[in-house]
Each structure stands twice: as C-alpha cells, then as structure tokens.
Amino acid sequence: MANIKSAKKRILVNRTKADRNKAIKSGVKTAIKKVYAAIESGDKDAAKTALKSATKTIEMACSKGVYHKNNAARKVSRISRAVNQMA
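Residues numbered from 1 in each chain as written. Predicted model: local features only at pLDDT ≥ 70, side-chain atom pairs only at ≥ 80, totals over all residues. Heavy atoms only, no water.

Caption draft 1: Focus on the environment of Lys-75. Within the secondary structure layout, Lys-75 lies in helix 3 (residues 69–84). Sequence spacing of Lys-75 and Ala-54 is 21 residues, and the spatial spacing of their C-alpha atoms is 9.5 Å. For Lys-75, the residues in contact, after removing those within four places along its chain, are Val-28, Ile-32, Ile-58 and Tyr-67. (Helix = DSSP H or I, 4+ residues; strand = E, 2+ residues; numbered from the N terminus. Contact = heavy atoms within 4.5 Å.)

Caption draft 2: Layout of the nonpolar core. Grouped together as the largest cluster of nonpolar side chains are 21 residues, with contacts concentrated most on Val-35, Ile-39, Ile-58 and Ile-79. Looking at this core, the elements with two or more residues in it are helix 1 (5–41), helix 2 (44–63) and helix 3. Looking at this core element by element, the count peaks at seven residues for helix 2. (Core = buried A, V, L, I, M, F, W, Y, C linked by side-chain atoms within 4.5 Å. Buried < 20%, exposed > 50% of the residue type's maximum accessible area, 1.4 Å probe, protein only.)

What follows is the structure, encoded as structure tokens:
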C-alpha cells in the first residue's frame, strides 16, 4: 500500500476513472448488441434506430477518451455495414 499522500490520491483517482471507463464501455457493448439483435430479427427500422443510438454512444465514448478515434470509427463502420447489408 502507498505511504505517500499523492500516491494514495492517485490510487483513488485511477479507481474512479477505471469505474467510469468500464461503465461507458459496457454501454457501448450493449448498444452494439442491440443493433445486432435488431438485424437478427430482420427489422430494418429497428436496426436503423439502434444504429443511430449506438453511433451516438460510441462517438460520446470517443470524445471522453475511452476509445481511440480509429477504434470508434471501426466500431461504427462495422455496425453500419451490417445494417446496410440487411436484405
């Protein structure tokens, strides 16, 4: 365990940030799952709605620094392609 006051604070701050990042990443994963669930059900309108919501969630996570911009772009691209390839 850390003895120095600043090191103790660092531990607390890092834990707080890790919890926040974990919650944001979980939200992104849930949003992506909703898109794929709508694709599986064959409902194009629901898929487009879920895609819009997921894109917003991913972009917000990117702006907060949770994801790198290229990682976020890749995630958006993959789900967009999946929705566009629906029959």
